[in-house]
Amino acid sequence: MMSPLHTKYVCTVCGYVYDPQVGDPKAGILPPMPFSDLPEDWICPECGVGKDLFTLLTPGPRVTD
Amino acid sequence: MSKPPPAAKQEGGRRMRCISAKVFDIDLTKGSIQEKQLPKEYWQLHLGGSGVAARLLYDEGTYAVDPLGPENILVFMNGLFTGTPVPCGCKMAVCAKSPLTGIWGEATVGGYFGAELRKTGYEGFLVRGKAQRPSYLLIENGQVSIREAEDLLGLDTYKTSELLKDRHGEKYEVAAIGPSGEKLVLLAGIMFGGSETRAAGRTGLGAVMGSKNLKAVVIRGTNPVDLFDRPGLVQSIQETVPVIKANTKGLTDFGTAGGVMAVEANGDLSIRNWSLGSWTEGAAKTNGQKIAETVFVSHYGCFACPIRCGKNVRVPVGPFKGQLAHGPEYETTDGFGANLLNEDLDVIVAANDLCNRYGLDTISTSGVIGWAMECYENGLITKEETGGIEITWGNGEAILKLTELIGKREGFGEFLGQGVKRAAEKLGGLAVEFAVHTKGLEYAFHDPRAFTSMAANYATANRGACHLEGLTYFAEQGAFPLSLVDFEKEFTRHGHENKAEIAVIMQNFMEAMNNLGLCKFLIRGKDSTSPAIFAQWIHQVTGIPYSKAELMKAGERNFNLKRLFNGKIGITRKDDALPPRLGVHDKESGAAKGSIPSMGKILWDYYRIRGWTPEGIPGKKNCGSWGFRKALGSSITPEGGERNDVPVAHEIRLHRVWLCL
């Protein structure tokens, strides 16, 4: 299981991906910041919808050479 | 008897959530700000946006006023879904009596301003009167103040927005007019979002704002949005969004301008002021795909938008070369491209940027330039009169210069800035034949000869030649299945059979979408975004059970209400017409070759379906069925056809003397 600090979430409206290792510096969210610790009034920096429109990003199968 | 929905029962039946029904009533003459509580029933009857605005302006009687006088009222109003998580619920309406057309004026706009307004806890605001000094409004939740704007005068919309965000904070949203609005240019719109421009462009509402000495509105809200059934709505959105995305990939990749080549292939493009039928090579050089290859910088989307059709670009030529700007939309790309026989994409991008900076409507601006080029070609306008500018077809330098002059209301630009109808009437003769407008509004760039249901729509649209009031070319091409609005009859693109019915149904549906605050591209979601789904979302947002039939009825009600507003000004069948270029002349090539809409037949059908008199006046019986009196004891009556209690619409007291050639 991935740790919260490495778990990405995706905005189901616009497709923006929240990465805890990147944060959202324009909104004052500095990394590392797990999605679950984001303030409740945090909004998607791309389309403005709330946290409840985000879902866990399921990583695809790992491809190896 | 069926059980009431559990959610409605829990709410005691009819308490409306999300919608506060509160507005600010701001009088700039008096410097007064009042909070008004409107009846919540307005949102059940009219859904919000321009529907509620029409109700307010009809009751205020602003059909009788001088559009540029202090008695005109400028209304900013959110749609019912604006600022909620409903996908594409980003649009708000700006409405007033139009100074360009002298009739009902409205423009809708996306971006983030409406979402911010939702978070203030207010549905909108009315601006009346005229400030003694240049001013701007600052709205912060429930607080409104009128601020000094002397230092903003003359600034373009980007600079105005930047300066106000520096002053108040990055999270504030700004709506502003540019120099054209300040100088009462009749083609002026109101621009939102600075360089990531979204425009309330049409019908000259920037001039109304300028006439009130109002340079900008700055807004910030921090209140949560109260939804009746948030989990249910979120689940529905998550089911819907993948379908919308799958059906709008072209818009995501290339923006609305990505459609230029397809539109040309359909014979739907305006070429050389609507006089030519095909322009295949030119269309291949001036489109969204070429923008993506050349000047594209990044994608942009409005609030809660899964499509993200906006494109940020770097301006390649002109006075703002090298700067970031919003890329041209489809309408602008045709207007400054094919419409002017201009194959230079760089010029289109720069002209779009100039319009956004000066605060001009790109459709009307490029439309009037196309008209002027045809007049110049025919010797009706001379080089002396243009101030030495050779306004020949495809002359990029002239296009940029004329756009700038219109924006500044200087030189020959002052003449063009009054719009094609007034300018043509001043020149007379052939110039009137070349003028492409209905009710004084320049045509959007979809040809009614290509999809003849658009002829019914353009002729009857309440704000003049507007494509969005019906959007029937979407439906005729199958981009929106007409079965979703219960239309199953046969039709052909160029014939007249059943076209009036398509126009009526789509106008009612598009009106409802407009009032809800939805972007029209949402209908690309096909059966995942039908009227039935929108009705379900109304329930999930407000707690008020709503049906597909009620939704369509609300659209019909609002469309007719605007017609009644126009009826008070004397609008009848005589005004429901195509211009000669589109109604008499056919094209000699392309997919719409030989097509002329049968307007007599189409309009006869249209009035019959609408329940209007043969003169185009809403009937008394229908007025009852729209529910005005029954529900609210309204003052609204179908007396539009009575010869006016208002002076003739076009006797507008212009505040400056126009240049007469």
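A short tour of the structure in this document, coming up. Residue numbering note: each chain is counted from 1, following its sequence as written. Going through the entries in the order they are written, you letter the chains from A and number the ligands from 1. Side-chain atom pairs in this predicted model are given and counted only at pLDDT of 80 or more, local residue features only at pLDDT of at least 70, and totals for whole chains, interfaces and linings cover all residues. With hydrogens and water excluded, all non-hydrogen atoms of the structure serve as input to the side-chain values.

### Here we look at the overall build of chain B
Phase 1: Here a strand is any run of E in DSSP of at least two residues, a helix any run of H or I of at least four, and the numbering for each starts at the N terminus. A count of helices and strands for chain B gives 28 helices and 17 strands.
Phase 2: C-alpha atoms define the radius of gyration in this analysis, and the globule rule sets the expected value at 2.2 Å times the number of residues to the power 0.38. For chain B, the C-alpha radius of gyration of 23 Å lies close to 26 Å, the compact-globule estimate for 661 residues.
Phase 3: Dimensions of chain B, computed from the C-alpha atoms along their principal axes, are close to 75 × 60 × 55 Å.
Phase 4: By the burial criterion, 65% of the 661 residues in chain B qualify as buried.
Phase 5: Accessible surface computed for chain B: about 21500 Å², of which carbon and sulfur atoms make up 51%.
Phase 6: Here chain B contributes 76 positive and 73 negative side-chain charges, whose respective centroids are spaced 5 Å apart. Residue exposure (1.4 Å probe, protein chains only): buried if accessible area is under 20% of the type maximum, exposed if over 50%, otherwise partly exposed. Exposure was quantified through the Shrake-Rupley algorithm and a 1.4 Å probe, taking into account, for residues, occlusion by the shown protein chains and nothing else. For the charge count, each Lys or Arg is scored as positive and each Asp or Glu as negative, with His and the chain ends excluded. Charge placement uses NZ in Lys and CZ in Arg. For Asp and Glu, CG and CD serve respectively.

### A look at the overall build of chain A
Phase 1: Check the secondary structure of chain A and you find 0 helices and 3 strands.
Phase 2: The secondary structure elements of chain A, listed N-terminal to C-terminal, are β-β-β.
Phase 3: Burial analysis of chain A (65 residues in total) assigns 37% to the buried set.
Phase 4: Any two residues having at least one pair of non-hydrogen atoms within 4.5 Å are treated as being in contact. Pairs at least 24 residues apart make up 42% of the contacts formed inside chain A by residues separated by at least 6 positions.
Phase 5: Total accessible area on chain A is roughly 4100 Å²; 60% of this is exposed by carbon and sulfur atoms.

### Observations concerning the packing of helix 22 (residues 499–516) of chain B against helix 26 (residues 599–610) of chain B
Residue and element names in this part refer to chain B.
Phase 1: Angular values range over 0 to 180 degrees, each being the angle between N-to-C directions of two axes fitted as lines to C-alpha atoms, with helices fitted over their stretch in contact. The geometry of helix 22 relative to helix 26 is characterised by a closest axis approach of 8 Å and an angle of 50° between their N-to-C directions. Judged by the inter-axis angle, helix 22 sits oblique to helix 26. As helix 22 runs across helix 26, the sense of the crossing is right-handed. Judged by residue contacts, Ala500, Glu501, Ala503, Val504, Gln507 and Asn508 of helix 22 engage Ile602, Asp605, Tyr606, Ile609 and Arg610 from helix 26.
Phase 2: Ten residues, namely Ala, Val, Leu, Ile, Met, Phe, Trp, Tyr, Cys and Pro, are considered nonpolar, four, namely Asp, Glu, Lys and Arg, are considered charged, and the remaining ones, Gly among them, are considered polar. The class makeup of the residues in the contact of helix 22 with helix 26 is 6 nonpolar, 2 polar and 3 charged. For classification purposes, an angle smaller than 35 degrees is called roughly parallel, one larger than 145 roughly antiparallel, one from 65 to 115 roughly perpendicular, and anything else oblique. We call a crossing left-handed when the near helix sits turned anticlockwise from the far one by less than a right angle, and right-handed when that turn is clockwise.

### Quick look at unusual backbone geometry
Phase 1: In this chain, Pro31 of chain A is followed by Pro32 of chain A through a cis amide linkage whose omega measures -5°.
Phase 2: Among the secondary structure elements, Pro32 of chain A is positioned in the loop between strand 2 (17–18) and strand 3 (54–56).
Phase 3: Backbone geometry at Arg308 of chain B places phi at a positive 60°, although glycine is not the residue there.
Phase 4: Among the secondary structure elements, Arg308 of chain B is positioned in the loop between strand 13 (296–300) and strand 14 (310–314).
Phase 5: Here Leu471 of chain B, not a glycine, exhibits a phi torsion of approximately 50°, which is positive.
Phase 6: Following the sequence through the fold, Leu471 of chain B ends up in the loop between helix 20 (453–460) and helix 21 (472–476).

### Some remarks on the side chain of Lys499 of chain B
Residues and elements named next belong to chain B.
Phase 1: Structurally, Lys499 can be placed in helix 22.
Phase 2: A residue is classified by how much of its surface remains accessible, and Lys499, at 0% relative accessible area, is buried.
Phase 3: Each polar contact in these results corresponds to two N or O atoms within 3.5 Å; when the atoms are within protein, one needs to be able to donate a hydrogen and the other to accept it, and residues that are neighboring in sequence are counted only if both atoms are side-chain atoms. Among the polar contacts made by the side chain of Lys499, one reaches the side chain of Thr452 at a distance of 2.7 Å.
Phase 4: Not counting residues up to four positions away in its chain, the partners in contact with Lys499 are Thr452, Ser453, Glu476, Phe491, Thr492, Arg493 and His494.

### Observations concerning helix 5 (residues 157–168) of chain B
Residue and element names in this part refer to chain B.
Phase 1: If you check helix 5, its first and last C-alpha atoms are 16 Å apart, about what 12 residues at 1.5 Å a residue would give, namely 16 Å.
Phase 2: Those residues of helix 5 that fall on the buried side of the exposure criterion are Thr157, Tyr158, Thr160, Ser161, Leu164, Lys165 and His168. Each buried residue of helix 5 sits inside an arc of 165° when the element is viewed along its axis, so together they form one side.
Phase 3: Of the residues flanking the start of helix 5, the one acting as N-cap is Asp156, its side-chain oxygen 3.0 Å from the backbone nitrogen of Tyr158.
Phase 4: Gly169, located one to two residues past helix 5, shows a positive phi value of around 135°. Take the residue count of a helix, subtract one, and multiply by 1.5 Å to get its expected span. Within this analysis, the arc is defined by the directions that extend from the helix axis to the C-beta atoms.

### Regarding the interface of chain B and chain A
Phase 1: Contact with chain B, which involves 15 residues of that partner, is made by 11 residues of chain A.
Phase 2: Summed over both partners, the interface of chain B with chain A comes to about 1000 Å²; 53% of that surface belongs to carbon and sulfur atoms.
Phase 3: Within this document, salt bridges are pairs made up of a side-chain nitrogen of Lys or Arg and a carboxyl oxygen of Asp or Glu, the two lying within 4 Å of each other. For the interface between chain B and chain A, the tally reads 2 salt bridges.
Phase 4: Here the residues of the side of chain B that touches chain A sort into 10 nonpolar, 2 polar and 3 charged. The quantity reported as buried area is the accessible area (1.4 Å probe) lost by two parts once they are put together, taken as the sum for both.

### Description of the packing of aromatic side chains
Phase 1: When the centres of two rings from Phe, Tyr and Trp lie within 6.5 Å, Trp using its six-membered ring, the rings pair. Their planes under 30 degrees apart give stacked, over 60 give edge-to-face, and anything left gives tilted. One pass over the full model with this rule turns up 29 aromatic pairs over all chains.
Phase 2: Plain terms: the ring middles of Phe480 of chain B and Phe509 of chain B are 5.3 Å apart, the flat faces sit at 35° to each other, and that makes the pair tilted. Placement of the pair is Phe480 of chain B in the loop between helix 21 and helix 22 and Phe509 of chain B in helix 22, with a sequence separation of 29 residues.
Phase 3: Take Phe480 of chain B: its relative accessible area is 0%, and that puts it in the buried class.
Phase 4: Assessed through its relative accessible area of 0%, Phe509 of chain B is described here as buried.
Phase 5: Through pairs of rings, three or more aromatic residues link up here, namely Tyr9, Tyr16, Tyr18, Phe35, Trp42 and Phe54 of chain A.
Phase 6: Should the NZ of a Lys or the CZ of an Arg lie within 6 Å of a ring centre and within 35 degrees of the ring normal, that charge is described as sitting over the ring. Above the ring of Phe35 of chain A, the side-chain terminus of Lys51 of chain A is found at 5.2 Å from the ring centroid.
Phase 7: The ring of Phe320 of chain B carries Arg357 of chain B above its face, with NZ or CZ at 3.7 Å from the centroid.

### As for the sheet that holds strand 11 (residues 198–200) of chain B
Residue and element names in this part refer to chain B.
Phase 1: Paired strands are those between which DSSP finds at least two bridges. The sheet built from 6 strands is open, its strands ordered 8-7-12-9-10-11 with mixed pairing. Lying at the two open borders of the sheet, with one neighbouring strand each, are strand 8 (143–148) and strand 11. Strand after strand, the sheet turns through a mean of 20° between neighbouring axes, direction not considered.
Phase 2: Of the strand pairs in this sheet, strand 7 (residues 135–140) and strand 12 (residues 214–220) are connected by 6 bridges, and their pairing is parallel. Each residue of the ladder has a partner; that of Ile139, found in strand 12, is Ile219.

### Quick notes on the pattern of salt bridges
Residues and elements named next belong to chain B.
Phase 1: In the structure shown here, the tally under the stated rule is 44 salt bridges over all chains.
Phase 2: The salt bridge partner of Lys285 is Glu343, with a shortest N-O separation of 2.7 Å. On the criterion of sequence distance, the pair formed by Lys285 in helix 11 (residues 280–285) and Glu343 in the loop between helix 13 (330–335) and helix 14 (345–358) is long-range, its members being 58 residues apart.
Phase 3: According to the relative accessible area criterion, Glu343 is partly exposed, its value standing at 36%.
Phase 4: Sharing partners across several salt bridges, the network here consists of Asp25, Lys36, Glu60 and Arg128.

### Re the sheet that holds strand 6 (residues 124–128) of chain B
Residue and element names in this part refer to chain B.
Phase 1: Within the open sheet, the 6 strands sit side by side as 2-1-6-3-4-5. Their pairing is mixed. Strands at the two margins of the open sheet, each flanked by one partner only, are strand 2 (32–37) and strand 5 (104–109). Strand-to-strand twist of the sheet, defined as the mean angle between neighbouring strand axes without regard to direction, takes the value 15°.
Phase 2: Both strand 1 (residues 22–27) and strand 2 contribute to a ladder of 6 bridges, which runs antiparallel. If you follow Phe24 over to strand 2, its bridge partner there is Glu35.

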